[in-house]
Amino acid sequence: ATVPRTRLVQYDLSHGAGNKALSLAQDAASAYGQSPEAVGLLGTTQLALGKGADALETYQKLVGMAPDNPAAHLGLGLAQEAMNQPQDAQASLEKALSIQPDFLPAQDALISLQMSQRRPAAARQIAHAMQTQHAESPIGYQREGDIEMARGQYQQAIKAYTASITKGAGSQGMMKLH
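Throughout, a residue's number is its position along its own chain's written sequence, starting from 1. For a predicted model such as this one, the threshold for reporting local features is a pLDDT of at least 70, and the threshold for listing and counting side-chain atom pairs is 80 or more; totals across whole chains, interfaces and linings nevertheless cover every residue. Side-chain calculation: all heavy atoms of the structure are included, whereas hydrogens and water are not.

## As for the environment of isoleucine 147
Okay, step 1: The numbering of helices and of strands both runs from the N terminus, where a helix is a DSSP run of H or I of at least 4 residues and a strand a run of E of at least 2. With respect to the helices and strands, isoleucine 147 occurs in helix H9 (residues 139-151).
Okay, step 2: The buried label applies to any residue whose accessible area, calculated with a 1.4 Å probe on protein chains only, is under 20% of its type's maximum; exposed applies above 50%, and partly exposed to all values in between. Under the relative-accessibility criterion, isoleucine 147 is labelled buried at 1%.
Okay, step 3: When the C-alpha atoms of isoleucine 147 and alanine 121 are compared, they prove to be 9.0 Å apart, with 26 residues separating the residues in sequence.

Structure representation (structure tokens):
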């Protein structure tokens, strides 16, 4: 029952109808309050609308409901980051990765957090883990290229972006090289 609502919420968010999306997500969470999907939908919607404090409360509830769900910890980490709680965000993202070490969304969020905290070496370690865990995917190489570009290490960035193209990055990888 949450799938149709999820699609409606996504549609409304993408078409500037944030209040309508929030109302739908709140209705889903009320109707299916014991469903981690419904609670997660509410948290995601709150984050998308910049309601960090509400999202934080929602994701804390979700983590309590589903402590072994890496997506719950990811959402909590994103909400904590939105509320300028970087240490808590890092702990939540690391918890998501302790549950599922190859969880790309958490890896990606942790790279972003590390870069915002000016820790490129830690971000690079995560990118290298992505390259190992997702050997056929370009994502780890793309993230490494992004990290090196942010550091002004253009030759290393080119090397990483080139590797991402050989892994199938396609036009996105080509655009990063230009």
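## Thoughts on the side chain of glutamine 107
Okay, step 1: Here glutamine 107 is to be found in helix H7 (residues 104-116).
Okay, step 2: The class of glutamine 107 is buried, set by a relative accessible area of 2%.
Okay, step 3: Pairs of N or O atoms are called polar contacts if they sit within 3.5 Å, as long as, within protein, a hydrogen donor faces a hydrogen acceptor (for residues adjacent in sequence, only side-chain-to-side-chain pairs). A distance of 3.3 Å separates a polar atom in the side chain of glutamine 107 from the backbone oxygen of proline 101.
Okay, step 4: Apart from the residues within four sequence positions on either side, glutamine 107 is in contact with Leu97, Pro101, Asp102, Ile126, Met130, Gln133 and His134. Should any heavy atoms of two residues lie within 4.5 Å, those residues are considered in contact.

## Some details on the packing of helix H2 (residues 18-31) against helix H3 (residues 36-48)
Okay, step 1: Working convention: axes come from line fits to C-alpha atoms, limited for helices to the stretch in contact. Angles between N-to-C directions cover 0 to 180 degrees. With their axes 8 Å apart at the nearest point, H2 and H3 run at an angle of 155° to one another. Put simply, H2 runs roughly antiparallel to H3. Taken as a pair, H2 and H3 cross one another with a handedness that is left-handed. The residues of H3 that touch H2, namely those facing Ala21, Leu22, Ala25, Gln26, Ala28 and Ala29, are Ala38, Leu41, Leu42, Thr45 and Gln46.
Okay, step 2: Across the contact of H2 with H3, the residue classes tally to eight nonpolar, three polar and no charged. Note on terminology: angles under 35 degrees are roughly parallel, angles over 145 are roughly antiparallel, angles of 65 to 115 are roughly perpendicular, and the others are oblique. Crossing handedness: left-handed means the near helix sits turned counterclockwise from the far one by under a right angle, and right-handed means the same turn made clockwise. Classes in brief: Ala, Val, Leu, Ile, Met, Phe, Trp, Tyr, Cys and Pro nonpolar; Asp, Glu, Lys and Arg charged; the others, Gly included, polar.

## Here we look at the nonpolar core
Okay, step 1: Grouped together as the largest cluster of nonpolar side chains are 17 residues, with contacts concentrated most on Leu74, Leu93, Phe103, Ala106, Leu110 and Ile111.
Okay, step 2: Among the secondary structure elements, those contributing two or more residues to this core are helix H6 (86-99), H7, helix H8 (120-133) and H9.
Okay, step 3: Among the elements that line this core, the one with the most residues is H7, at five residues.
Okay, step 4: Discounting residues that sit within four places of it in the chain, leucine 74 has contacts with Leu93, Ala96, Phe103, Pro105, Ala106 and Ala109. Throughout this description, the term nonpolar core refers to a set of buried Ala, Val, Leu, Ile, Met, Phe, Trp, Tyr and Cys residues connected via side-chain atoms within 4.5 Å.

## What about the packing of H7 against H9?
Okay, step 1: Between H7 and H9, the least distance of the axes is 12 Å, while the angle of their chain directions is 5°. By the angle between their directions, the pair H7 and H9 is classed as roughly parallel. Residue-level inspection shows Leu104, Asp108, Ile111 and Met115 of H7 in contact with H9, the latter providing Ile139, Arg143, Ile147 and Ala150.
Okay, step 2: Here the residues of the contact of H7 with H9 sort into six nonpolar, no polar and two charged.

## As for unusual backbone geometry
Okay, step 1: At asparagine 84, a position not held by glycine, the phi torsion is positive, near 60°.
Okay, step 2: Structurally, asparagine 84 is set in the loop between helix H5 (70-82) and H6.
Okay, step 3: Judged by its relative accessible area of 66%, asparagine 84 is exposed.
Okay, step 4: The backbone of arginine 118 sits at a positive phi, close to 60°, despite the residue not being glycine.

## Let's talk about the confidence of the model for the protein chain
Okay, step 1: pLDDT expresses how confident the predictor is about each individual residue, on a scale running from 0 to 100. For the protein chain, the average pLDDT comes to 93, and 95% of its residues sit at 70 or higher.
Okay, step 2: Across the protein chain, element-level confidence peaks in H6 with a mean pLDDT of 98 and bottoms out in helix H11 (residues 170-177) with 68.

## What to know about H7
Okay, step 1: A helix's residues, less one, multiplied by 1.5 Å, set its expected span. The terminal C-alpha atoms of H7, which comprises 13 residues, lie 18 Å apart, in line with the 18 Å expected from a rise of 1.5 Å per residue.
Okay, step 2: Residues of H7 that are buried make contact with H5, H6, H8 and H9.
Okay, step 3: Of the residues flanking the end of H7, it is arginine 118, one or two places downstream, whose phi is positive at about 60°.

## Observations regarding helix H4 (residues 52-65)
Residues that lie three or four places apart on an α-helix share one face, since the helix turns once every 3.6 residues.
Okay, step 1: Taking 1.5 Å per residue as the helical rise, H4 with its 14 residues ought to reach 20 Å, and the 20 Å between its terminal C-alpha atoms agrees with that figure.
Okay, step 2: All of the buried residues in H4 are Gly52, Ala55, Leu56, Thr58, Tyr59, Leu62 and Val63.
Okay, step 3: Contacts made by the buried residues of H4 are with H3 and H5.

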